[in-house]
Amino acid sequence: MSFMKRIILLILLSFSAFSQTYKFSVGSTITSFVFTNSAGSNPSFLLPASGLHLSMARESSLSKSFYLDFGINYNQFNNVGDVQNIPFTYATDFIGLHAGIGPKLSLGKGFALISKGHISASKMVNGNQFLFNHYVDLSSDNQFNSMRTMFGYSFELSKQINQQVGVFTKYQHLDSYNFGSSTLNFIPSTFSIGISLSK
């Protein structure tokens, strides 16, 4: 076993020594599509649209005030617009993995504020564009069907009900960074509420 694999295995095994919390959330994701064409400009006819957000994660406390989480998420990254009064919509479904790390600030009486830096990798499982009264399948469009890596941050306000159960509300902002002569970047902002279950 290589040295790097041993380090990764040691880190993963060490997580079991810390307290574990499972978090489930549901919310709304408002996504902006930033399309840079070959001329280097972003068309102004693309408008943000909302979609469903679901997430399940396991959070580990690395210390009393520092937390790490891994999880799976489902997001609808949608967009609308019109060109010369011809409306169109983009409706996409993405499933992916995410990780976050950051500090926790206790506010007293069971309340806490957690801020984290995030990385997410998602893959489209379904997508279509509605244009000229018919649907266009996006599964063969390289702008949508490639793996989508995003980076960002989140702020979470939580309330511990008892030792095992808590509730929280969360805001998360992510941004993909694709570069080239013609690229499409996603900028989703998510508002969610959820429940946490501690071991």
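Residues numbered from 1 in each chain as written. Predicted model: local features only at pLDDT ≥ 70, side-chain atom pairs only at ≥ 80, totals over all residues. Heavy atoms only, no water.

## Thoughts on the overall build of the chain
A count of helices and strands for the chain gives two helices and ten strands. Sequence-ordered secondary structure for the chain, helices as α and strands as β, is α-β-β-β-β-β-β-β-α-β-β-β. Within the chain, the proportion of its 199 residues that are buried is 38%. Pairs at least 24 apart in sequence give 65% of the contacts found in the chain among residues at least 6 apart. Of the roughly 11300 Å² of accessible surface on the chain, 65% is carried by carbon and sulfur atoms. (Helix = DSSP H or I, 4+ residues; strand = E, 2+ residues; numbered from the N terminus. Buried < 20%, exposed > 50% of the residue type's maximum accessible area, 1.4 Å probe, protein only. Contact = heavy atoms within 4.5 Å. Areas by Shrake-Rupley, 256 points an atom, 1.4 Å probe, with all protein chains shown as cover.)

## Some thoughts on the confidence of the model for the chain
The predicted coordinates of low-pLDDT regions are not to be read in fine detail. Of all residues in the chain, 84% have pLDDT values of 70 or greater, and the mean over the chain is 86. Between the elements of the chain, mean pLDDT differs from a low of 51, seen in helix H1 (residues 3-15), to a high of 96, seen in strand S9 (residues 165-176). (pLDDT = per-residue confidence, 0-100.)

## Let's talk about the side chain of Ser 158
Along the chain, Ser 158 falls in strand S8 (residues 148-160). For Ser 158, the residues in contact, after removing those within four places along its chain, are Gly 110, Phe 111, Ala 112, Val 167 and Phe 168.

## Looking at the nonpolar core
Judged by nonpolar contacts, the single largest core of 13 residues is most densely connected at Phe 33, Phe 77, Tyr 90, Phe 144 and Phe 186. Broken down by element, the residue count for this core peaks at three residues, all from strand S5 (residues 86-108). (Core = buried A, V, L, I, M, F, W, Y, C linked by side-chain atoms within 4.5 Å.)

## Structural notes on the side chain of His 118
Topologically, His 118 is positioned in strand S6 (residues 111-131). Engagement of the side chain of His 118 in a polar contact is seen with the backbone oxygen of Ala 99, the distance being 3.5 Å. Here the side chain of His 118 touches Ser 154 through a polar contact of 2.7 Å, side chain to side chain. (Polar contact = N/O pair within 3.5 Å; in protein donor to acceptor, adjacent residues only side chain to side chain.)

## Describing the pairing of strand S1 (residues 20-36)
Two strands pair when backbone bridges link them, and S1 and strand S2 (residues 46-63) are joined in this way by twelve bridges, in the antiparallel orientation. Paired with Phe 24 across the bridge in S2 is Met 56. (Pairing = 2+ DSSP bridges.)

## Let's talk about unusual backbone geometry
Notably, Lys 109 is not glycine yet its phi reads approximately 55°, a positive angle. Within the element layout of this structure, Lys 109 appears in the loop between S5 and S6.

## What about the environment of Lys 104?
When you line up the elements, Lys 104 lands in strand S5. The sequence separation of Lys 104 and Ser 115 amounts to eleven residues, and the corresponding C-alpha distance is 6.7 Å. Discounting residues that sit within four places of it in the chain, Lys 104 has contacts with Ser 65, Tyr 67, Ala 112, Leu 113 and Ile 114.

## Section: the packing of aromatic side chains
Pairs of aromatic rings are described using the distance from one ring centre to the other and the angle between the two planes. As enumerated under the stated definition, the model contains twelve aromatic pairs in all. An angle of 65° between the planes, with centres 5.6 Å apart, marks the rings of Phe 77 and Phe 186 as edge-to-face. One end of the pair, Phe 77, is in the loop between strand S3 (66-76) and strand S4 (79-83); the other, Phe 186, is in strand S10 (residues 183-198), with 109 residues separating them in the sequence. Both residues of the pair, Phe 77 and Phe 186, count as buried. Residue placement shows Lys 23 over the ring face of Phe 168; its charged tip is 4.8 Å from the ring centre. A cation over a ring is seen here: Arg 148 above Phe 186, with NZ or CZ 4.2 Å from the ring centre. (Phe/Tyr/Trp six-rings, centres within 6.5 Å; stacked < 30°, edge-to-face > 60°. Lys NZ or Arg CZ within 6 Å of the ring centre and 35° of its normal.)

## Some points on the environment of Asn 126
Along the chain, Asn 126 turns up in strand S6. With 50 residues separating them in the primary sequence, Asn 126 and Gln 76 have C-alpha atoms 9.5 Å apart. Other than its neighbours up to four places away in sequence, Asn 126 contacts Ala 91, Thr 92 and Asp 93.

## A closer look at the pattern of salt bridges
Per the counting criterion, the structure on display carries four salt bridges. Ionic pairing is found between Asp 69 and Lys 116, a salt bridge with its closest N-O pair at 2.5 Å. Residue Asp 69 is found in strand S3, and its partner Lys 116 is found in strand S6; the two are separated by 47 residues along the sequence. Per residue, the accessibility class of Asp 69 equals that of Lys 116, and both read buried. Through salt bridges with shared partners, a single ionic network connects Lys 23, Glu 59, Asp 69, Lys 116 and Glu 156. (Salt bridge = Lys/Arg side-chain N within 4 Å of Asp/Glu carboxyl O.)

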